[in-house]
Amino acid sequence: MNINLLAAPDLGASTNETPLDIRILDAAAALAAVVGINATIDQVAERAGLGRATVFRRFKSKNALYQRMFNREIRNALIGIMNEGSNCKFANDRAVTVLAATFEACVTHPIIRHLSDTQPQTLRELGATGHSSLVDLVHSQIKSMLDAARREAGYSTDNKLTSSIADGFIHTVAGYVFFPSSSINLQHAPSRKRVARQ
């Protein structure tokens, strides 16, 4: 199944989800955390306590349902990550907090965990699909925070350097997502902070 992320997830946008949409999307997310994107519309409908026809009236296809569910999950995770960073007074602390929260989201999110273990190609496609993919969005956010931290510390902005650091961080996180066994326990908050600060 080829699922495309929205071209540029808008973190502040209202998705106009109805209570019925939320019920269906919650059921799809719960199933995706256990069986990936292999769950059928019948299984989603049963989990939501609805009929199959109701699900198809709200979402025209299985692909449309899973695309919308992944977009919602990603949007919610990014909002949570950015909110954690917004509590920090200094840009350097904000950058470390956001990087650590990104690690946490990527290694603990049940859908990302399940897909990395069972359908890694699907997860890679989800992260890199679209004009402004999830990877592009995260890269832009991390680079902006690193630029702000450099300016706050009295250094000039170095686009090439901060872009390279952001790229390296994304690849490091992806490595931990696809190969979670390591000597660094990213389930442990202080370890995530230490890696992010480095």
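For the structure given in this document, a descriptive report is provided here.

What counts, and where the lines are drawn
- Residues numbered from 1 in each chain as written.
- Predicted model: local features only at pLDDT ≥ 70, side-chain atom pairs only at ≥ 80, totals over all residues.
- Heavy atoms only, no water.
- 1 Å grid on protein atoms, 1.4 Å probe; cavity = no way out; pocket = protein on both sides within 12 Å on 5 of 7 lines; lining within 4 Å.
- Points joined across faces, edges and corners; volume = space filled by probe spheres on them.
- Helix = DSSP H or I, 4+ residues; strand = E, 2+ residues; numbered from the N terminus.
- Nonpolar A, V, L, I, M, F, W, Y, C, P; charged D, E, K, R; others polar.
- Contact = heavy atoms within 4.5 Å.
- Expected span 1.5 Å × (residues − 1).
- Buried < 20%, exposed > 50% of the residue type's maximum accessible area, 1.4 Å probe, protein only.
- Polar contact = N/O pair within 3.5 Å; in protein donor to acceptor, adjacent residues only side chain to side chain.
- Core = buried A, V, L, I, M, F, W, Y, C linked by side-chain atoms within 4.5 Å.
- Axes fitted to C-alpha atoms, helices over the stretch in contact; angles between N-to-C directions.
- Parallel < 35°, antiparallel > 145°, perpendicular 65-115°, else oblique.
- Left-handed = near helix turned anticlockwise from the far one by under 90°.

Examining the layout of surface pockets
As a volume, the largest pocket reaches approximately 670 Å³. When contributions to the lining of the largest pocket are tallied by element, the ones reaching two or more residues are α4 (62–86), α5 (91–108), α6 (110–118), α7 (120–128), α8 (134–152) and α9 (159–178). Tallied by class, the residues present in the lining of the largest pocket amount to 20 nonpolar, four polar and two charged. The computed volume of the second largest pocket comes to approximately 370 Å³. Taken together, 18 residues line the second largest pocket, and the ones lying closest to its centre are Leu99, Leu146, Ile165, Ala196 and Arg197. The residue inventory of the lining of the second largest pocket, partitioned by class, reads twelve nonpolar, four polar and two charged.

Brief notes about the environment of Ala45
Relative to the assigned elements, Ala45 resides in helix α2 (residues 41–48). Spatially, the C-alpha atoms of Ala45 and Ile24 are 7.1 Å apart, while their sequence positions differ by 21 residues. When sequence neighbours within four positions are dropped, the list of residues in contact with Ala45 reads Leu50, Gly51, Arg52 and Val55.

Focus: empty space enclosed by the protein
One pass over the full model with this rule turns up one cavity of 30 Å³ or more. Lining the largest cavity, in full, are Leu78, Ile81, Met82, Val98, Thr102, Val138, Gln141 and Ile142. Only α4, α5 and α8 provide two or more residues apiece to the lining of the largest cavity. In terms of residue class, the lining of the largest cavity is built from six nonpolar, two polar and no charged.

Here's the deal with α5
Its 18 residues give α5 an end-to-end C-alpha distance of 25 Å, which sits within 8% of 26 Å, the value for a rise of 1.5 Å per residue. Taking burial as the measure, the 18 residues of α5 include 13 buried ones, the bulk of the element.

Brief notes about the side chain of Gln119
Mapped onto the fold, Gln119 is located in the loop between α6 and α7. Separated by 3.3 Å, the side chain of Gln119 and the backbone nitrogen of Ile37 make a polar contact.

Structural notes on the nonpolar core
In terms of nonpolar packing, the biggest core is built from 45 residues, with Val44, Leu65, Tyr66, Met69, Phe70 and Ile142 touching the most fellow members. With seven residues, helix α1 (residues 19–35) is the largest single contributor of residues to this core. Every residue in contact with Met69, bar those within four places of it in the chain, is listed here: Leu25, Ala28, Ala29, Ala32 and Ile111. By size, the runner-up hydrophobic cluster in this structure holds six residues, among which are Ala95, Val98, Ala105 and Met145.

Some thoughts on the packing of α5 against α9
Across the interface, α5 lies against α9 with an axial gap of 9 Å and an inter-helix angle of 30°. Accordingly, the angle class assigned to the pair α5 and α9 is roughly parallel. Handedness of the crossing formed by α5 with α9: right-handed. On α9, the residues touching Leu99, Thr102, Phe103, Cys106 and Val107 of α5 are Phe169, Thr172, Val173, Tyr176 and Val177. Here the residues of the contact of α5 with α9 sort into eight nonpolar, two polar and no charged.

Considering the side chain of Ser116
Turning to its location among the elements, Ser116 is positioned in helix α6. With relative accessibility at 6%, the residue Ser116 sits in the buried group. Each residue touching Ser116, except ones within four places of it in the same chain, is listed here: Leu123, Val177 and Phe178.

Keep in mind these values describe shape, not function.
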